[in-house]
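What the coordinates show
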Amino acid sequence: MGVGPGPRALDAPAKLNLWLDVLGRRPDGYHDLESLFVPLELGDDVRVEPAAAPGVALELEGPVAVPAGPDNLALRAARAWLEALGPPPPFPGLRVRLHKRVPVGGGLGGGSSDAAAVLRALQSLVPPGRRLPAPALHGVARGLGADVPFFLLGGAAVGRGRGDELTPVAAGPPLTVLLVPAPWGHETARVFRHVEGRRPPPDPDGLGRALRALARGDAAALRAAHWNALAWPAMRAYPAFTRFTADVERALGRAPCLTGSGSTLYDLPDPGEAEAALGRVARLSPGARITRTAASGAPVP
Ligand code: C5P
């Protein structure tokens, strides 16, 4: 626990998209998706405490730097929750402490997960009668970002619509994951702007195969079922990502998977081959590391 022990220290897990299809553009400018999300053991630590000083103060620590300005999703989450709650504010002020480990711009959902952890913490800091009802909480989460509702739910899920219409799904034993972040981050909106028409998955039952493989904890079947329609837009938006992907494929000896809009590639190695695979990609990706899928996330109080 980077922020130290305490009753409000919550895990904010990263996520992977094991499967992701882009169905088309929506009238609201977003895209309709169908995606299989799983939480990871890798995550940030988030701690929220009432404070005497007015306003929301943000303290950042840990190996990953993020901007602490008003765009910070943890800050925006605290402010959006207070606004939805309405007056009188339940505390004079708030102190939010983030220990960041999840790479920024990696397609791993770190900022969205921090936001969801702040919402969970705030809900648990007020008496049950003062909490936002579930639909209002979901609305606040959705307004912060399409991935935030997934992190509020906890556990593996299929997301439809913008990715925020969620159905929990069964996950089997944890899977070993080799994360291979590119040495630069991707801006999600820029990748979506490079979506050109529909690229249907090669197997119409691809999501079904991925779901069955996840339920069994079958890494080889998940690798075979993997699909991410954002791979091509990501390479158009960031031409260097094409070369990076090819280099990682050569180093791994098989095609890597992609999470979200990147820039993190990943592999699902057998546990015995993970360290050797990490050694082979370390030169290409200084941030490469091994983690595992997490059985479940934290429930909303
Ligand atoms: O919701 P979030 O802020 O994470 O999304 C970032 C950007 O990614 C959006 O502004 C939008 O351009 C794009 N996006 C999309 N369709 C989705 C999710 C995100 O077009 N389902």
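As shown above, the structure is provided for reference.
The sections below set out a description of the structure shown in this document. Quick caveat: nothing in here was measured; it's all calculated off a predicted structure.

Some remarks on the pairing of strand β4 (residues 93-99)
Most of β4 is tucked away, with six of its seven residues classed as buried. Relative to β4, strand β2 (residues 31-51) runs antiparallel, the two being bridged by seven bridges. Bridge assignment links R47 to a residue of β4, and that residue is R97. Summarising the sheet, strand β3 (residues 55-61) and β4 pair through seven bridges and their orientation is parallel. Bridge assignment links E59 to a residue of β4, and that residue is R97. Taking the sense of rotation as the criterion, the β-α-β connection linking β3, helix α1 (residues 73-85) and β4 turns out left-handed.

A look at the nonpolar core
L16 and L18 are the most contacted members of the largest nonpolar core, which totals 52 residues. A per-element tally of this core places strand β1 (residues 9-25) first, with six residues. Listed in part, the 36 residues of the second largest apolar core include L58, A115, A117 and F150.

Comments concerning the side chain of H186
Secondary-structure assignment places H186 in the loop between β7 (176-181) and α5 (188-193). Polar contacts involving the side chain of H186 include one to the main-chain carbonyl oxygen of S261, which spans 2.9 Å. Look past the residues within four positions of H186 in its chain and what remains in contact with it is G105, V191, A234, Y238, F241, S261, G262 and S263.

Examining the packing of aromatic side chains
For any two aromatic rings, the description comes down to two numbers: the centre-to-centre distance and the angle of the planes. Overall, the coordinates contain six aromatic pairs when judged by the stated rule. Ring geometry for W184 and F244: centres 5.8 Å apart, planes at 65°, overall edge-to-face. Of this pair, W184 sits in the loop between β7 and α5 while F244 sits in helix α9 (residues 240-252), and the two are 60 residues apart along the sequence. Residue classification places W184 among the partly exposed positions, given a relative accessible area of 28%. Among the residues examined, F244 registers a relative accessible area of 6% and is labelled buried. Between F241 and F244, the aromatic rings sit 6.2 Å apart at their centres with planes inclined by 25°, giving stacked as the arrangement.

Observations concerning the environment of P269
Within the fold, P269 resides in the loop between β10 (264-267) and α10 (274-281). Spatially, the C-alpha atoms of P269 and P135 are 39 Å apart, while their sequence positions differ by 134 residues. Here P269 is in contact with T176, V177, L178, R223, R254 and A274, once residues within four sequence places are set aside.

With respect to the sheet that holds β7
Strand order in this open sheet of four strands is β9-β10-β7-β11, and the pairing throughout is antiparallel. The outermost strands of the open sheet, each flanked by one partner alone, are β9 (257-258) and β11 (289-292). Across the sheet, α9 touches β7, β9 and β10, and the angle it forms with β10 is around 20°. Along the sheet, α10 makes contact with β7 and β11, crossing β7 at roughly 5°.

Some thoughts on the site of the ligand
Near the ligand you find G29, Y30, H31, L33, G145, A146, R162, T188, A189 and F192, and these make up its full shell. Here Y30 contributes a side-chain N or O atom positioned 3.1 Å from an oxygen atom of the ligand. When isolated, the ligand has an accessible area of 450 Å², and the protein chains bury 74% of it. Only β2 and α5 provide two or more residues apiece to the shell around the ligand. With three residues, α5 is the largest single contributor of residues to the shell around the ligand. Taken together, the residues of the shell around the ligand sort by class into five nonpolar, four polar and one charged.

Looking at α1
Here α1 contains 13 residues, and its C-alpha end-to-end distance of 18 Å stays within 8% of the 18 Å for a straight helix at 1.5 Å per residue. Of all the residues in α1, the buried ones are L73, A74, L75, A77, A78, W81 and L85. At its buried positions, α1 is contacted by β3, β4, α2 (110-125) and α3 (134-144). Its side-chain oxygen at 2.9 Å from the backbone nitrogen of A74, N72 defines the N-terminal cap of α1. Two residues or fewer past α1, G86 is found with a positive phi of approximately 80°.

Cut-offs used in this document
Residues numbered from 1 in each chain as written. Predicted model: local features only at pLDDT ≥ 70, side-chain atom pairs only at ≥ 80, totals over all residues. Heavy atoms only, no water. Buried < 20%, exposed > 50% of the residue type's maximum accessible area, 1.4 Å probe, protein only. Helix = DSSP H or I, 4+ residues; strand = E, 2+ residues; numbered from the N terminus. Pairing = 2+ DSSP bridges. Right-handed = clockwise from strand over helix to strand, strands pointing away. Core = buried A, V, L, I, M, F, W, Y, C linked by side-chain atoms within 4.5 Å. Polar contact = N/O pair within 3.5 Å; in protein donor to acceptor, adjacent residues only side chain to side chain. Contact = heavy atoms within 4.5 Å. Phe/Tyr/Trp six-rings, centres within 6.5 Å; stacked < 30°, edge-to-face > 60°. Axes fitted to C-alpha atoms, helices over the stretch in contact; angles between N-to-C directions. Near = heavy atom within 4 Å. Areas by Shrake-Rupley, 256 points an atom, 1.4 Å probe, with all protein chains shown as cover. Nonpolar A, V, L, I, M, F, W, Y, C, P; charged D, E, K, R; others polar. Expected span 1.5 Å × (residues − 1).

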